[in-house]
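Results of the structural survey
Single-letter residue listing:
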Amino acid sequence: MRKTIKSLAALAAAAALPLTMSGTAWADIPFDQPVNGRATYYNDAGFGACGTQINAATQLLVAAPAAYWTTANPNNDPLCRGVSVRVSYNGRTITVPVADKCPSCDSAHIDLSAPAFAQLADPALGTIPVTWSFVRS
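Scope of this entry: the structure provided in the associated data block. Just so it is clear, the model here is predicted, and its values are computed rather than measured.

Some points on the sheet that holds strand β6 (residues 92-102)
Taken in spatial order, the six strands line up as β1-β7-β4-β6-β5-β8 and close into a barrel, and their pairing is mixed. In this sheet, adjacent strand axes meet at a mean angle of 45° when their direction is disregarded. Bridge analysis of strand β1 (residues 35-42) against strand β8 (residues 128-136) gives five bridges, and the strand direction is antiparallel. Its bridge partner lying in β8, A39 is registered against I128.

And the structure:
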């Protein structure tokens, strides 16, 4: 009986751990806190960090900076669950879902899909100064 109770307690603790971790990670996303940074664009196709098929040449999406990802497996990251990025440049604002991770981006740099970037500026610019923030989708 004592072994069964210990086993059940260990099982309950193990089951609660992911809930606690994802709750903490979700709370760590700085929603609605403007970041003055920069945006670039990319046009890769394949599986994004959230585990879904993406085509950055045709879809509106964003690759969020690696600094904001909090789980070892990005497919399970809170950024992949109803989080978008609101981006403003030169009087224009768009909101795009987080679908990928930008490993080379610093914490103020986002990588927009090519069509998302084109809604804000001429792609020939390559890099633009933006204000952006995480928002709930």
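Quick notes on the side chain of D111
Tracing the chain through its elements places D111 in strand β7 (residues 109-113). Buried within the structure, D111 lacks any salt-bridge partner; R38 is the closest side chain of opposite charge, at an N-O distance of 8.1 Å. Engagement of the side chain of D111 in a polar contact is seen with the side chain of T40, the distance being 2.7 Å. Reaching out from D111, the side chain makes a polar contact with the backbone nitrogen of Y41 at a distance of 3.3 Å. Beyond its immediate chain neighbours, meaning those up to four positions away, D111 contacts T40, Y41, Y42, V62, A63, C102 and C105.

A few points about the pairing of β1
Judged from the five bridges that link them, β1 and β7 form a sheet pairing that is parallel. Counterpart to R38 in the pairing with β7 is H109.

Side note on the environment of N43
Here N43 lies in the loop between β1 and β2 (45-47). For N43, a relative accessible area of 48% translates into the label partly exposed. As a C-alpha pair, N43 and L112 span 69 residues in sequence and 8.8 Å in three-dimensional space. Every residue in contact with N43, bar those within four places of it in the chain, is listed here: N55, A56, A57 and A114.

Things to note about the packing of aromatic side chains
Counted under the stated rule, the structure contains four aromatic pairs. Between Y41 and F117, the aromatic rings sit 5.0 Å apart at their centres with planes inclined by 45°, giving tilted as the arrangement. Taken as a pair, Y41 in strand β1 and F117 in helix α2 (residues 114-120) lie far apart in primary sequence, 76 residues in all. Since its relative accessible area comes to 0%, F117 is described here as buried. Arranged with centres 5.2 Å apart and planes meeting at 90°, the rings of W132 and F134 form a pair that is edge-to-face. Classification of W132 as buried rests on a relative accessible area of 1%. For F134, a relative accessible area of 1% translates into the label buried.

What counts and what doesn't
All residue numbers refer to position in the chain's written sequence, counted from 1. For a predicted model such as this one, the threshold for reporting local features is a pLDDT of at least 70, and the threshold for listing and counting side-chain atom pairs is 80 or more; totals across whole chains, interfaces and linings nevertheless cover every residue. Computation of side-chain values: all heavy atoms of the structure, hydrogens and water removed. For two strands to be treated as a pair, DSSP must find no fewer than two bridges joining them. Strands here mean DSSP runs of E at least two residues long; helices mean DSSP runs of H or I at least four residues long; both are numbered from the N terminus. In this description, a line fitted to the C-alpha atoms serves as the axis of each element, helices being fitted only across the stretch in contact, and the angle between N-to-C directions of two axes falls anywhere from 0 to 180 degrees. Under the scheme applied here, a residue whose accessible area is under 20% of the maximum for its type counts as buried, over 50% as exposed, and between as partly exposed, the area being computed with a 1.4 Å probe on protein chains only. By the counting scheme adopted, Arg and Lys are positive, Glu and Asp are negative, and His together with the chain ends is not counted. Salt-bridge detection follows one rule: a side-chain nitrogen of Lys or Arg within 4 Å of a carboxyl oxygen of Asp or Glu. Under this definition, polar contacts are N or O atom pairs within 3.5 Å; protein pairs additionally need one hydrogen-donor-capable and one acceptor-capable atom, and for neighbouring residues in sequence, both atoms have to be side-chain atoms. Here a residue-residue contact requires only that any non-hydrogen atoms of the pair lie within 4.5 Å. Within 6.5 Å between ring centres, the rings of Phe, Tyr and Trp (the latter by its six-membered ring) count as paired, and their orientation is classed by plane angle as stacked under 30 degrees, edge-to-face over 60, tilted in between.

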